[in-house]
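One-letter residues, chain by chain:
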Amino acid sequence: MERTDVIVVGAGPTGLFLASELALRGVRTTVLERLAEPDPTIKSGSINVASAEILDRRGLLPAAEEVQRRRLAEAKGFTGGRSNRTVRDLTDAAGQASRRFPVLGHFAGIMFQHDLVDQDDPVLAAHTAVANGILVPQHDLELLLAEHCARLGVEIRRGVEVRDLRSAGTGLDDDADVVVETGAGDFSAGWVVAADGGRSVVRKRLGVDFLGTDPEMVGYQAIADIDDPSELRRGWNWTPRGIYTYGPVPGRILVARFAPQPEDKNAPVTVDELQSAVRDVTGVPVTIAGLRGRATRWSDNARQARAYRRGRVLLAGDAAHVHSPFSAQGLNLGMGDAVNLGWKLAATVQGHAPAGLLDTYHDERHPIGKWVLDWTRAQVALMRGDERTARLREVVGDELFAVPGATNRMIALSSGILQRYDVADDASDPVGSIAGDVELGSGTRLADHAHDGRFVLVDRSADGRYTDAAAGIDDRVACVADPDAAQPSLLVRPDGIIAWADDSTDHARKLLDVAIQRWLG
């Protein structure tokens, strides 16, 4: 039987990034994936700012920017050189290397308006460095992360289907190794992380309650050959029968309608089924000649695991929570799970985690997951086709979203940059928030010092008084001297969360020691 430190079940973005985080800290990790090859099926078309910043902190932003350049070229080709406002803004920002917050996305199909965004808003202005690396479709992200894993020596075993798991001891709640049973033999590990999707075999085997609400919508997404798509409006469109979007690449169609779920949710989507849905929602009698690749079917089923951990088995990504895919919230939520869990599990495996560290994964991520489920449910409620909802959409779109402050708030929420954790007692801003773009006097950024997955201590004191707090743990903390009396010194966790900030009081150094003890032991 093969043994490793950690087995990750599932080679989607969550599983791959988690595996890379573990390997970055020297943890032997094996990924088991049911599919023999990466799935090319069209899914989410972009990542949010918070996910792009995760890539940035690991040195992967240049690769994401290259994907975006290619995507923008494809989008311009789709429009015959006539770019829409979003494409123009993103292209201009890339060409000028300007620091603007990327305005991309929608709420319930109501597009965010670029000209109503206040780019001087300090909340947005603190998260602009990744603007040229957000148009990363899920398939491209998986390829990018697979290459990252390969460089770090992660073993990815494809074509291996997990069938069951058991404890090598008396039960899954004890401290014994976990044995994963597959058709290719058994594997054992000290820890297992289920990142195997909404129908997670591991979660079901654990018997963890998956609580939530039943679906109202049936959605489809595909790259299709459409005989005459000229009457399909580009961008997001609401109709009394549902919602749809066409573009930004040739043939890409997404449609969702309020309808009963199919009897066989696992059956392949046929051309006739997709065509019927498109005609019903759009009101356009299109003819779909064929599909390029496989179409996907999805719903707004919204559920969350009661607990993200049982013994030595943890849940992440869709195995922990499912909901409608609007704004790629599932992909981004999973990336947040992975970056939060990775360093905590690595410290636990290596034996230097402070007591209770691994339990903070559930404590911090479960409330974020609950919020995202409610965020997606609210969008579905605003998509219903009755007259009252139509009037409400007018109020939200024409009145509320026309207020610059409201638009900024909605974009910030959608982009994931407002996530906060309770990381210190009675702490005030910016402690508990995502660090964002932190520029240093050396011409580097904080993200440049986080590539190896360590904590980063930015010491801005004139006398370097904080650096010695990390003495003896420099294998886990990167100390960066950056004297600047106008900015606070910071201790930033591997997931980009500020764990301590100099508050200019006599207790600042003591609070730094407390933060280091709490998070590094």
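Scope of this entry: the structure provided in the associated data block. (Residues numbered from 1 in each chain as written. Predicted model: local features only at pLDDT ≥ 70, side-chain atom pairs only at ≥ 80, totals over all residues. Heavy atoms only, no water.)

1. Things to note about empty space enclosed by the protein
Then step 1. Taken as a whole and judged by the stated rule, the model has 2 cavities of 30 Å³ or more.
Then step 2. Considered as a void within the structure, the largest cavity measures approximately 140 Å³ in volume.
Then step 3. Taken together, 15 residues form the lining of the largest cavity, with Trp343, Ala347, His352, Phe455 and Arg476 sitting closest to its centre.
Then step 4. Those elements that place two or more of their residues in the lining of the largest cavity are α9 (329-350) and α13 (508-520).
Then step 5. The element that contributes the greatest number of residues to the lining of the largest cavity is α9, accounting for 4 residues.
Then step 6. Split into classes, the residues belonging to the lining of the largest cavity amount to 9 nonpolar, 3 polar and 3 charged.
Then step 7. Empty space within the second largest cavity amounts to approximately 60 Å³.
Then step 8. Residue classes in the lining of the second largest cavity are distributed as 3 nonpolar, 1 polar and 5 charged. (1 Å grid on protein atoms, 1.4 Å probe; cavity = no way out; pocket = protein on both sides within 12 Å on 5 of 7 lines; lining within 4 Å. Points joined across faces, edges and corners; volume = space filled by probe spheres on them. Helix = DSSP H or I, 4+ residues; strand = E, 2+ residues; numbered from the N terminus. Nonpolar A, V, L, I, M, F, W, Y, C, P; charged D, E, K, R; others polar.)

2. A short note on the packing of helix α1 (residues 13-24) against helix α6 (residues 138-152)
Then step 1. Between α1 and α6, the least distance of the axes is 9 Å, while the angle of their chain directions is 20°. As far as their axial angle goes, α6 and α1 are roughly parallel. Of the two possible hands of crossing, α1 and α6 adopt the one that is left-handed. Residue-level contacts link Pro13, Leu16, Phe17, Ala19, Ser20, Ala23 and Leu24 of α1 to Gln138, Leu141, Glu142, Leu145, Ala146, His148, Cys149 and Leu152 of α6.
Then step 2. Grouping the amino acids of the contact of α1 with α6 by side-chain chemistry returns 11 nonpolar, 3 polar and 1 charged. (Axes fitted to C-alpha atoms, helices over the stretch in contact; angles between N-to-C directions. Parallel < 35°, antiparallel > 145°, perpendicular 65-115°, else oblique. Left-handed = near helix turned anticlockwise from the far one by under 90°. Contact = heavy atoms within 4.5 Å.)

3. Points about the side chain of Asp482
Then step 1. With respect to the helices and strands, the residue Asp482 is situated in the loop between β21 (477-481) and β22 (490-492).
Then step 2. For Asp482, a relative accessible area of 5% translates into the label buried.
Then step 3. A distance of 2.6 Å separates the side chain of Asp482 from the backbone nitrogen of Gly441, its partner in a polar contact.
Then step 4. A polar contact of 3.1 Å, which involves the side chain of Asp482, links it to the side chain of Arg460.
Then step 5. Among all residues touching Asp482, those that are not within four sequence positions of it are Glu439, Leu440, Gly441, Ser442, Val458, Asp459 and Arg460. (Buried < 20%, exposed > 50% of the residue type's maximum accessible area, 1.4 Å probe, protein only. Polar contact = N/O pair within 3.5 Å; in protein donor to acceptor, adjacent residues only side chain to side chain.)

4. Quick word on helix α12 (residues 404-414)
Then step 1. Counting buried residues along α12, 8 of its 11 residues qualify, which places the element largely inside the surrounding structure.
Then step 2. Of the surrounding secondary structure, the elements contacted by the buried residues of α12 are β3 (106-107), α5 (122-125), α9, α10 (359-381) and α11 (387-400).

5. Let's talk about the pattern of salt bridges
Then step 1. By the definition in use, this model includes 37 salt bridges.
Then step 2. Across the salt bridge formed by Glu2 and Arg157, the nearest N and O atoms sit 3.0 Å from each other. With Glu2 in strand β1 (residues 2-9) and Arg157 in strand β5 (residues 155-158), this pair connects stretches of sequence that are 155 residues apart.
Then step 3. For Glu2, a relative accessible area of 38% corresponds to the partly exposed category.
Then step 4. The exposure class assigned to Arg157 is partly exposed, which follows from its relative accessible area of 22%.
Then step 5. For Glu66, the salt bridge identified is with Arg69, shortest N-O distance 2.8 Å. Of the two residues, Glu66 and Arg69 both sit in helix α3 (residues 61-78), 3 residues apart, roughly one turn of that helix.
Then step 6. What makes Arg69 partly exposed here is its relative accessible area of 47%.
Then step 7. Put simply, Lys344, Glu364, Arg493 and Asp495 are held in one network by salt bridges that share partners. (Salt bridge = Lys/Arg side-chain N within 4 Å of Asp/Glu carboxyl O.)

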